[in-house]
Amino acid sequence: KINTGIQCSLNAGGFTVNTNIDTRGQTAPFTMQVWFQDGGPPGGVNTMIAGEWDFSGGQQNFALLYDPTGVANMFYSSNDTTPTRNDLDTGQASVNGMWFHIIFGYDGTNKFIILNNGTKNTAAVAGVRRGVNVLGLGNNSAHTFPWPGTIDEIAYWSVDKSGSVATLYNGGSGLPFSSYS
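Residues numbered from 1 in each chain as written. Predicted model: local features only at pLDDT ≥ 70, side-chain atom pairs only at ≥ 80, totals over all residues. Heavy atoms only, no water.

Digging into the packing of aromatic side chains
Point 1. Applying the stated criterion across every chain, the model contains 3 aromatic pairs.
Point 2. Seen in terms of ring centroids, Phe36 and Phe100 are 5.8 Å apart; in terms of plane orientation they differ by 25 degrees. Their pairing is stacked. Residue Phe36 is found in strand E3 (residues 30–38), and its partner Phe100 is found in strand E8 (residues 99–106); the two are separated by 64 residues along the sequence.
Point 3. The exposure class of Phe36 is buried, given its relative accessible area of 2%.
Point 4. Above the plane of the ring of Phe112 lies Lys120, whose end atom (NZ or CZ) is 5.0 Å from the centre. (Phe/Tyr/Trp six-rings, centres within 6.5 Å; stacked < 30°, edge-to-face > 60°. Helix = DSSP H or I, 4+ residues; strand = E, 2+ residues; numbered from the N terminus. Buried < 20%, exposed > 50% of the residue type's maximum accessible area, 1.4 Å probe, protein only. Lys NZ or Arg CZ within 6 Å of the ring centre and 35° of its normal.)

Focus: the pattern of salt bridges
Point 1. A full pass over the atoms with the stated rule returns 1 salt bridge.
Point 2. Notably, a salt bridge pairs Lys120 with Asp107, separated by 3.7 Å at the nearest N-O pair. Remark: Asp107 occurs in the loop between E8 and strand E9 (110–115) and Lys120 occurs in strand E10 (residues 120–124); sequence separation between them is 13 residues.
Point 3. When its relative accessible area of 22% is taken as the criterion, Asp107 is described as partly exposed. (Salt bridge = Lys/Arg side-chain N within 4 Å of Asp/Glu carboxyl O.)

Okay, here's the thing in structure tokens:
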């Protein structure tokens, strides 16, 4: 990594992109990638690195959350009324100042999360909702989950890319944007 990317802080609030990134049904596979560099403890609360989480519309779909101990967790919701938080994590706390690579998503049967080309942690679920029109980076749409750090090489695919993690990780160097397809 070349130590560049989107700088986020507990005060800046991250940003959101209004987009219909994926409007397919909740059983369709998807993968999201993010490189991140921890900027310090999140202050005793969950914070959001990236995902679809639109509080203004009352919809919570999927997100990569960062818990107070520094462990990244995949949150997902199969519907609007019963969200499930922090139920699948990387199993490793990040280290302040180091770059970490996370791939997370749904393969059609299991939600998954993979840290630094390591073990694929999975759990069976019936589906993961998508398509709330808001993609958040460094926070959710209500700006209530600010995450301190740097985000880089964000990517979203409408397929399961968990079998391509070694290529995407590229020995810890990541890939130039032109390499993504």
